[in-house]
Every structure is written in structure tokens, then in C-alpha cells.
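# Structural overview
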Amino acid sequence: NHGFWKVGGMEEVFASHGICFRDCTTVNMTGITVKNCNLHDITTWNVDGITVNDFTLLAADNKNWLIYQTRNGTISNSRSDDAEYEDGFMMYYGNSNLTFTNCSTSNNGREGFGVNSTNTNITLNNCSGTDNGQNLYIGLSNNVTVNTFYSTRGGVFRHNTTEYRP
């Protein structure tokens, strides 16, 4: 625990995380499970080039994965479940060129997948959400493509989004 820091009034980036990547290039993760963290299971902040495969995130108090200013990445065959108060995969501010394939979320308190504000070129392929507050939220982002999204017992919401392709 590095204390409680805020960056420009945005989400905390150094408080009780399982894993935090900040100002990194070329991050590769395979076959990792992170669970029960006080704030986020993982935070990526200002990361350029990320590849994630077979990743399991479970039961963070807040967000399982906070994705902030992360660019040029692929996330596949991964799941993010049981975040008590907030989100499974949450893309906040300034993310671009990210593709999620065969990823799932369930039983998160707020969003399963969140694409929230100033994100561009985000793609979801064959992903699913079950029993989240909202299974998929897309807001204030550009060029978001959703190719086959399974939603069960939760909502799907989009707001002020350009070029949303269901």
C-alpha cells in the first residue's frame, strides 16, 4: 500500500493494488490470477503496448481492472468477476486501439465492461456480461465496435457515442 494519491483529480493509481503498471511500454501477461485487492486488482496507466491472455481478476473492492491512458493492446480469454462496488473492465480516459476477445464479466457491482469518456478505437469480440449492474456501458467515446456481445440479467447502455456498431 503506497498511500492514497490522486493524479489530476482522476482515479487513484497507487493505493492497494494487486498489480500497477505506470508509464510502461510492452507489457505481456499470461495465466495470471489476481483477487481480493482493497482498491483495484490491476491498474494500467499510461501503458503503450499491452498483451494479456488467460487473465482472471476476482473480487476487488472497487474495480478489478482500471484501464487509463492505455494504448495498442489485445486482451483475450480473460475474465473479471465479483468486483464488490464497481467494475470488471473499466476503460477511463484516453485509451486507444484496444481489442478484447473472448472476455467475460459477471457479478460486478456497477459495470461489467465500461468504455467511459475519450476512448477511441475500442473493439469487443465475442465477449459477455452476466449479472453486472450494467453488462456494457459505452459513453463519450469514438469508434467503439462490438462484435457479438452476450448480455444476461443486466443492462446495456450507450451515451453520446459515435460510430457504435452493434
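Below is a summary of the structure that appears in this document. (Residues numbered from 1 in each chain as written. Predicted model: local features only at pLDDT ≥ 70, side-chain atom pairs only at ≥ 80, totals over all residues. Heavy atoms only, no water.)

## Looking at the nonpolar core
Within the largest apolar cluster, 28 residues are counted, with the highest numbers of intra-cluster contacts made by Ile-50, Trp-65, Phe-100, Phe-113 and Leu-124. In terms of residue count, strand S2 (residues 40-58) provides more of this core than any other element does, six residues in total. (Core = buried A, V, L, I, M, F, W, Y, C linked by side-chain atoms within 4.5 Å. Buried < 20%, exposed > 50% of the residue type's maximum accessible area, 1.4 Å probe, protein only. Helix = DSSP H or I, 4+ residues; strand = E, 2+ residues; numbered from the N terminus.)

## Structural notes on the pairing of strand S5 (residues 89-92)
Residues Phe-89 and Met-91 line one face of S5 and the alternating positions Met-90 and Tyr-92 line the opposite face, and both faces are buried. Bridge count between strand S3 (residues 63-76) and S5: four bridges; the pairing is parallel. Bridging across to S5, Leu-66 finds its partner in Met-90. Both S5 and strand S8 (residues 111-116) contribute to a ladder of four bridges, which runs parallel. Counterpart to Tyr-92 in the pairing with S8 is Asn-116. (Pairing = 2+ DSSP bridges.)

## Here's the deal with the pattern of salt bridges
Tallying each qualifying case throughout the model produces seven salt bridges. Linking Arg-79 and Asp-81 is a salt bridge whose minimum nitrogen-to-oxygen distance equals 2.6 Å. Between Arg-110 and Asp-87 there is a salt bridge; the shortest N-O distance is 2.7 Å. With a gap of 23 residues between them, Arg-110 in the loop between strand S7 (104-106) and S8 and Asp-87 in the loop between strand S4 (79-81) and S5 connect regions that are remote in the sequence. Given the relative accessible area of 30%, Arg-110 is considered partly exposed. One network of salt bridges, in which partners are shared, links Lys-63, Glu-86, Asp-87, Arg-110 and Glu-111. (Salt bridge = Lys/Arg side-chain N within 4 Å of Asp/Glu carboxyl O.)

## Some points on unusual backbone geometry
Of note, the phi angle at Asn-77 is positive, near 50°, even though the residue is not glycine. Structurally, the position occupied by Asn-77 is in the loop between S3 and S4. Classification of Asn-77 by relative accessible area gives partly exposed; the value is 41%. Even without being a glycine, Asn-102 presents a positive backbone phi close to 55°. With respect to the element layout, Asn-102 can be found in the loop between strand S6 (96-101) and S7. On the basis of relative accessible area, Asn-102 is assigned to the partly exposed category, the value being 36%.

## Side note on the environment of Val-27
Take Val-27: it is sitting in strand S1 (residues 19-35). Not counting chain neighbours up to four residues away, the residues in contact with Val-27 comprise Phe-21, Val-47, Gly-49, Ile-50 and Thr-51. (Contact = heavy atoms within 4.5 Å.)

## Some words on the environment of Gly-49
Within the secondary structure, Gly-49 sits in strand S2. The exposure class assigned to Gly-49 is buried, which follows from its relative accessible area of 17%. Sequence separation of Gly-49 and Thr-26 is 23 residues, and the distance between their C-alpha atoms is 4.5 Å. Apart from residues no more than four positions distant in its own chain, Gly-49 is found in contact with Thr-25, Thr-26, Val-27, Arg-71 and Asn-72.

## Details of the state of the cysteines
Summed over the entire model, instances satisfying the criterion amount to zero disulfides. In this structure Cys-103 is not part of a disulfide, and its nearest cysteine sulfur, from Cys-127, lies 4.8 Å away. A relative accessible area of 1% means that Cys-103 is categorised as buried. (Disulfide = S-S within 2.5 Å.)

None of this, on its own, says anything about what the molecule does.
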